[in-house]
Amino acid sequence: MRGFAALGVLLTHVAFQTSAVDTPFIGPIWGRFDMTVAVFFGLSGFLLWRPHAVAAHDLTRRPSTARYLLNRAARILPAYWVVVCVVLLFLPGAGSGLQVWLANLGLVQVFVALTLTDGLTQMWSLSVEVAFYLVLPLFGYALMALRGRRARLRAPALLGLGVLALGWSFVPVSTPEFIHADNWLPGYLPWFVAGMLLAEFVAAGSAPRLLARPVPMALLAVTAFLLSATELAGPAGLTRAEPWQHAVKMGLGAVLGFALLAPLVLGPPRRHRILEHPATLMLGRWSYGIFLWHLVLLQTVFPIFGVVAFSGQFVFVLVATVALTIPVAAASYALVEEPVRLAARRLERSWSIGGTNLGHSAAPASAATPTANTASSAGN
């Protein structure tokens, strides 16, 4: 799912930079493939909240915050820092100056004006995701009293939080010029809450049967996506939506992510020939690298092949960008992401042996596997 979502983000950026988004009828659909970010956020909400949900329902020990933060930092930062350094040092047109470097290295671009620079503009979503990582333990503390028999109240509490967050765009937050509070975590919280709700359903062992049925959920996902491609969810591209349009987009994104993930996590065990195909699993392992590198590689496609930006050739630019991005993403996984993950695991073990107990996740065994931990990272 993460691999397909990463390709969706790539597709919408290619469509924008080749002006395919201006094509009648199909253009707005290409432009709304950025809604796959809702899948990223929903997956993170599900995978990272699941240990908290299981601990609350089973009355087991809460997951270790130190272990959690160590794994998040190891998963996200090293590969991201490599991309930032390469872009800011070598990409013509990328920003420069200490403020740009610090904002991008610190993943606070959505709070610092004019620091979303060429080759790195997609990182706004990673900034939002890292903000979610930091507040997730606080959510865990806030719902700590809802355990055992009271755990049934956790899903309604989270649902209420998601609905409340839909009103964020109407809050008159004063920001400097070029900074929009819509791009902060509260504005996208409904997308994370969709996954957190699924984690609660899984931990409780019960959910409405309809949510586990693939066909109705697929129809719901397609409907939400097509509605998001209309003016109801605001204009595509960089034009800022009205507050009500932003709220509609957030609601539709939450429905989209929930509907795509629900049959996979709530339904009975079944084989998924596409999602379990070796090529698809490989794409999933490389999904974070696809997200990180695709935009800078897209910008190199134009001069390499003599294509003028915003002049068409959507299919050619799309194929060329994918062809360049996949091997770079594979190298990122093999040379940076996986070695750092293994080093973090060794560090965990050494700390435990040395007497600093990081604790153990209360998640099911499947959540502790390398595949699941890899899948729980950000991406957009």
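Nothing here was measured: the structure is a model prediction, and the numbers come from that model.

Chemist: How should the nonpolar core be read in this particular structure?
Modeler: Looking at soluble globular proteins, one finds that nonpolar side chains tend to be buried together. Core analysis: the biggest nonpolar cluster contains 99 residues, and Trp 49, Leu 126, Phe 132, Trp 191 and Leu 292 have the highest contact counts within it. With 5 residues, the next largest nonpolar core counts Val 110, Ile 179, Ala 181 and Trp 184 among its residues.

Chemist: So what exactly am I meant to see when it comes to the packing of aromatic side chains here?
Modeler: Aromatic ring pairs: the centre-centre distance and the angle between the two ring planes describe each pair. Scanning the entire structure with this criterion turns up 13 aromatic pairs. Their ring planes at 90° and their centres at 6.1 Å tell us that Phe 41 and Tyr 188 sit as a pair that is edge-to-face. Residue Phe 41 is found in helix H3 (residues 37-58), and its partner Tyr 188 is found in helix H8 (residues 185-204); the two are separated by 147 residues along the sequence. Among the residues examined, Tyr 188 registers a relative accessible area of 6% and is labelled buried. Ring centres 4.3 Å apart and planes at 15° place the aromatic pair Phe 41 and Phe 192 in the stacked group. Linking Phe 41 in helix H3 with Phe 192 in helix H8, this pair joins segments that are 151 residues apart in sequence. The exposure class of Phe 41 is buried, given its relative accessible area of 0%. You can call Phe 192 buried: its relative accessible area is 0%. Put simply, the rings of Phe 41, Trp 124, Phe 132, Tyr 188, Trp 191 and Phe 192 pair up and form one aromatic cluster. The ring of Tyr 133 carries the charged tip of Arg 72 above its face, separated from the ring centre by 5.1 Å.

Chemist: Explain helix H10 (residues 243-266) to me, please; I cannot follow it from the model alone.
Modeler: Given 3.6 residues to a turn, an α-helix orients residues that are three or four positions apart in the same direction. Look at H10: 33 Å from first C-alpha to last across 24 residues, which is about the 34 Å you get at 1.5 Å a residue. At Leu 260, H10 is deflected by roughly 25°, the largest bend along its length, and proline Pro 263 occurs up to four residues later in sequence.

Chemist: I'm lost on the pattern of salt bridges in this one. Help?
Modeler: In a structure, side chains of opposite charge can pair up when their charged atoms sit close to one another. Per the counting criterion, the structure on display carries 7 salt bridges. The salt bridge partner of Arg 67 is Glu 348, with a shortest N-O separation of 2.9 Å. Taken together, the residues span a long stretch of sequence, with Arg 67 in helix H4 (residues 65-90) and Glu 348 in helix H13 (residues 314-353) at a distance of 281 residues. Owing to a relative accessible area of 9%, Glu 348 belongs among the buried residues under this scheme. One salt bridge in this structure joins Glu 276 and Arg 271, with 2.9 Å as the shortest N-O distance.

Cut-off values and rules
Residues numbered from 1 in each chain as written. Predicted model: local features only at pLDDT ≥ 70, side-chain atom pairs only at ≥ 80, totals over all residues. Heavy atoms only, no water. Core = buried A, V, L, I, M, F, W, Y, C linked by side-chain atoms within 4.5 Å. Buried < 20%, exposed > 50% of the residue type's maximum accessible area, 1.4 Å probe, protein only. Phe/Tyr/Trp six-rings, centres within 6.5 Å; stacked < 30°, edge-to-face > 60°. Helix = DSSP H or I, 4+ residues; strand = E, 2+ residues; numbered from the N terminus. Lys NZ or Arg CZ within 6 Å of the ring centre and 35° of its normal. Expected span 1.5 Å × (residues − 1). Bend = angle between axes of the 7 residues up to and from the residue. Salt bridge = Lys/Arg side-chain N within 4 Å of Asp/Glu carboxyl O.

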